[in-house]
Amino acid sequence: MKSNRQDSGKFWDRRSKIYDAQVIPEYKSAYKKTVKRSAHFLNEEDRVLEIGCGTGNATIPLAGCVKEITAIDTSREMMDKAKEKAAKAGKTNIHFIKKDLMELGEKAGSFDAVTAYNVLLYMKNQDQVLRRIHKLLKPGGIFISATDCLARSFAPVAVEKFWKSKMGLMPYVSFESPIGLMRKIQKQGFLVLEIVNLHQNPPNIFIVAQKIEKR
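Residues numbered from 1 in each chain as written. Predicted model: local features only at pLDDT ≥ 70, side-chain atom pairs only at ≥ 80, totals over all residues. Heavy atoms only, no water.

(A) Highlighting the overall build of the protein chain. A count of helical and extended segments in the protein chain gives seven helices and seven strands. At 16 Å, the protein chain has a C-alpha radius of gyration in line with the 17 Å of a compact globule built from 215 residues. Projecting the C-alpha coordinates of the protein chain onto the three principal axes gives extents of approximately 45 × 45 × 30 Å. Relative to its 215 residues, the protein chain shows a buried fraction of 51%. Within the protein chain, contacts between residues at least 6 apart in sequence are counted, and of these 70% link residues at least 24 apart. A total accessible area of about 10,900 Å² is found for the protein chain, and carbon and sulfur atoms account for 52% of it. Distance from the positive charge centre (37 side chains) to the negative charge centre (23 side chains) of the protein chain: 4 Å. (Helix = DSSP H or I, 4+ residues; strand = E, 2+ residues; numbered from the N terminus. Rg over C-alpha atoms; globule rule 2.2 N^0.38 Å. Buried < 20%, exposed > 50% of the residue type's maximum accessible area, 1.4 Å probe, protein only. Contact = heavy atoms within 4.5 Å. Areas by Shrake-Rupley, 256 points an atom, 1.4 Å probe, with all protein chains shown as cover. Lys, Arg positive; Asp, Glu negative; His and termini not counted. Charge placed at Lys NZ, Arg CZ, Asp CG, Glu CD.)

Written as structure tokens, this is what we have:
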């Protein structure tokens, strides 16, 4: 069977048509908690990078807490949905860019905070991504993520993603444990400040980590 994992952008373009209708009913509470907890670690002078902004479910409410957000995604269709929502909400401090993180030309230390909501589990190169995030953050900068950790989870969504990923019907999916993900983040030069589960089945793990200089 031919794999279409290389067409990640196209996969999410297709998903954009039904994404909010499928995800919001299940994760509405988790999104609210994500935004509330994230806002605690942000301030109105922060320049923020959001990786994988999707349809803007966290981007738009958090725009009111910071100076500006650079929101990136590899899916044009997902980003167009986010742009529409931002326009309706009157949020003018969000700059949408269709790019992969590894292609972003920003200099080291460009951001006060980097966020990645429900995207790390789709990244096969997590270590490389975390190193890039560390580099883009200012000294003492904050990395905030929320990610489904599917290891040992028998939730229907976890089982479905396992088989679809194995069969090449969707992009790569990571089956990480909360502790495993936390240790990956720590390994790349971060001090974990908070780790909490926002959703029971599967667990959606919210982690806040601060950049420290590697020895």
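(B) Seen up close, helix α4 (residues 76-89). For α4, built from 14 residues, the straight-helix expectation of 20 Å at 1.5 Å per residue is met to within 8% by its first-to-last C-alpha distance of 20 Å. Among the residues of α4, those classed as buried are Met 78, Met 79, Ala 82 and Ala 86. Seen end-on, α4 carries its buried residues on one side only, within an arc spanning 90 degrees. Of the residues in α4, the exposed ones pointing more than 90 degrees away from the buried face are Ala 87 and Lys 88. On the buried face of α4, the contacting elements are α1 (8-15), α2 (19-40), α3 (59-63), β2 (68-73) and β3 (94-98). (Expected span 1.5 Å × (residues − 1). Arc of directions from axis to C-beta.)

(C) Expanded view of the nonpolar core. Formed by 39 residues in total, the largest nonpolar core has its most connected members in Leu 42, Ile 69, Ile 94, Phe 96 and Ile 144. A per-element tally of this core places α2 first, with six residues. If we ignore the near neighbours within four places in the chain, the residues touching Ile 144 are Ser 38, Phe 41, Leu 42, Val 114, Thr 115, Ala 116, Tyr 117, Phe 206, Ile 207 and Val 208. (Core = buried A, V, L, I, M, F, W, Y, C linked by side-chain atoms within 4.5 Å.)

(D) Looking closely at the packing of aromatic side chains. For the structure shown, the criterion picks out six aromatic pairs. With a centroid separation of 5.8 Å and an interplanar angle of 45 degrees, the aromatic rings of Phe 143 and Phe 190 are classed as tilted. Of this pair, Phe 143 sits in strand β5 (residues 137-148) while Phe 190 sits in strand β6 (residues 190-200); the two residues are 47 residues apart in sequence, bridging distant segments of the chain. Just as Phe 143 is buried, Phe 190 falls in that class too. When the ring of Phe 162 is compared with that of Phe 175, the centres are 5.5 Å apart and the planes differ by 75 degrees; the resulting orientation is edge-to-face. Of this pair, Phe 162 sits in helix α6 (residues 156-166) while Phe 175 sits in the loop between α6 and α7 (178-187), and the two are 13 residues apart along the sequence. Given the relative accessible area of 31%, Phe 175 is considered partly exposed. Here the aromatic residues Phe 11, Trp 12, Tyr 19 and Tyr 122 are joined through ring pairs into a cluster of three or more. (Phe/Tyr/Trp six-rings, centres within 6.5 Å; stacked < 30°, edge-to-face > 60°.)

(E) Up close: the pairing of strand β4 (residues 111-117). Most of β4 is tucked away, with seven of its seven residues classed as buried. Pairing geometry for β4 and β5, over six bridges, is parallel. Residue pairing across strands places Val 114 opposite Phe 143, the latter belonging to β5. Read as a crossover between parallel neighbours, the route from β4 over helix α5 (residues 126-136) to β5 is right-handed. (Pairing = 2+ DSSP bridges. Right-handed = clockwise from strand over helix to strand, strands pointing away.)

(F) Examining empty space enclosed by the protein more closely. According to the stated counting rule, one finds one cavity of 30 Å³ or more in the structure shown. Every residue lining the largest cavity is listed: Leu 42, Val 48, Glu 50, Leu 62, Val 66, Ile 69, Thr 115 and Tyr 117. For the lining of the largest cavity, the elements supplying multiple residues, two or more each, are β1 (47-51) and β4. Of the residues belonging to the lining of the largest cavity, the class tally is six nonpolar, one polar and one charged. (1 Å grid on protein atoms, 1.4 Å probe; cavity = no way out; pocket = protein on both sides within 12 Å on 5 of 7 lines; lining within 4 Å. Points joined across faces, edges and corners; volume = space filled by probe spheres on them. Nonpolar A, V, L, I, M, F, W, Y, C, P; charged D, E, K, R; others polar.)

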